[in-house]
Amino acid sequence: MENASDKSIEEQELLEEMSLKIDDGTETLNQMIEIGQKVMNPAFEPLSARTILDEALDIKRNDFAAADVMVQLSVSSEDPIVWVDPSLMRIALDCLLDNAYKFMKVDEPGKLTICIDTHTTTRNALITIEDNGIGMTEERIQLLREEFYSVDGRIALGVMLSRLILGMHGGSLRYESAFGDFTKAFITLPLDVEQNYD
């Protein structure tokens, strides 16, 4: 039989859990407002794709180190210069890196391979983020194309934000994955028109 003290402890734990969820929701809402303001007033500038990725990786470095995730970054012979709003692009890449981190396998070391390449024929920089995580089914990849796709009852805001921000930059996001094996996110960004890549 449950006594009043046990019930009080359970109620306290429930209240603490609800408080944390409210705090998380408030933080997410504040982030969305901040992002909305940046989206309304973007500040584009030419930056190297490597610089943008290094800055995004710096944000996640402690998480990756704590989870024993090995990160490899390779750049084609010429680091492409892209025309971006740096703060918005950091948000988009942070969301994608966060997803790669969240969906790593728990029973084996994580590996994240990031490649930056230049496609002179399409005048795009291509950034590929590949993880050896749990992967996705083809059905889930199709669902990610929907605007308000939810994962376990939560809207996949990271993918939605990344796609929105990349679209603002004239870029794109697509996925390739094998369930239980890997996921690749392919990001394209237009090259800075002032640079000569021919």
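Now for a look at the structure at hand. All of these numbers come straight from a predicted model, not from anything done at the bench.

Scoring rules and cut-offs
Residues numbered from 1 in each chain as written. Predicted model: local features only at pLDDT ≥ 70, side-chain atom pairs only at ≥ 80, totals over all residues. Heavy atoms only, no water. Helix = DSSP H or I, 4+ residues; strand = E, 2+ residues; numbered from the N terminus. Buried < 20%, exposed > 50% of the residue type's maximum accessible area, 1.4 Å probe, protein only. Core = buried A, V, L, I, M, F, W, Y, C linked by side-chain atoms within 4.5 Å. Contact = heavy atoms within 4.5 Å. Expected span 1.5 Å × (residues − 1). Pairing = 2+ DSSP bridges. Axes fitted to C-alpha atoms, helices over the stretch in contact; angles between N-to-C directions. Phe/Tyr/Trp six-rings, centres within 6.5 Å; stacked < 30°, edge-to-face > 60°.

**Notes on the overall build of the chain**
Helices and strands together make up the secondary structure of the chain, namely five helices and nine strands. Taken from the N to the C terminus, the helices and strands of the chain come in the order α-β-α-β-β-α-β-β-α-β-β-α-β-β. Evaluated residue by residue, the chain yields a buried proportion of 36% over its 198 residues.

**Remarks on the nonpolar core**
Ranked by internal contacts, the top residues of the largest apolar core, which has 40 residues, are Met-89, Leu-112, Ile-127, Ile-129, Tyr-175 and Ile-187. With nine residues, helix α3 (residues 86-102) is the largest single contributor of residues to this core. Apart from residues no more than four positions distant in its own chain, Ile-129 is found in contact with Leu-93, Leu-96, Leu-97, Leu-112, Thr-113, Ile-114, Thr-183, Lys-184, Ala-185 and Ile-187.

**Quick word on α3**
With 17 residues, α3 should cover 24 Å at 1.5 Å per step; its first-to-last C-alpha distance of 24 Å lies within 8% of that length. Of the positions making up α3, those classed as buried are Pro-86, Leu-88, Met-89, Ile-91, Ala-92, Leu-93, Cys-95, Leu-96, Leu-97, Asn-99 and Ala-100.

**Quick notes on the sheet that holds strand β4 (residues 110-119)**
Backbone-to-backbone hydrogen bonds join strands into a sheet, with any given pair of strands oriented parallel or antiparallel. The mixed open sheet is built from five strands, whose spatial order is β2-β4-β5-β9-β8. The open sheet has two edge strands with one neighbour each: β2 (69-75) and β8 (172-178). For this sheet the average axis-to-axis angle between neighbouring strands, irrespective of direction, equals 15 degrees. Alignment of β2 against β4, held across seven bridges, turns out to be parallel. Bridge assignment links Ser-74 to a residue of β4, and that residue is Cys-115. This element, α3, spans β4, β5 (124-131), β8 and β9 (182-190) of the sheet and lies at about 25 degrees to β5. Against the sheet, helix α5 (residues 157-168) makes contact with β8 and β9, and its axis sits at roughly 140 degrees relative to β8, the strand it touches most.

**Looking at the side chain of Thr-128**
Along the chain, the position of Thr-128 falls in strand β5. Residue classification places Thr-128 among the buried residues on the basis of a relative accessible area of 12%. When neighbours within four sequence positions are excluded, Thr-128 is seen to be in contact with Thr-113, Ile-114, Cys-115, Lys-184, Ala-185 and Phe-186.

**Quick look at unusual backbone geometry**
A positive phi angle, near 60 degrees, is found at Asp-68, a position not held by glycine. Asp-68 sits in the exposed class, given a relative accessible area of 55%.

**Observations concerning the environment of Gly-180**
Note on placement: Gly-180 falls in the loop between β8 and β9. Sequence separation between Gly-180 and Gly-135 is 45 residues, and the spatial gap between their C-alpha atoms is 5.0 Å. Ignoring any residue separated from it by four or fewer positions in sequence, one finds Gly-180 in contact with Lys-105, Gly-133, Ile-134 and Gly-135.

**Focus: the packing of aromatic side chains**
Under the counting rule described, the total for this entry stands at one aromatic pair. Seen from their ring centres, Phe-64 and Tyr-101 are 5.9 Å apart, and the 70 degrees between their planes marks the pair as edge-to-face. Of this pair, Phe-64 sits in helix α2 (residues 49-66) while Tyr-101 sits in helix α3, and the two are 37 residues apart along the sequence.

Shape is all these values report; function is a separate question.
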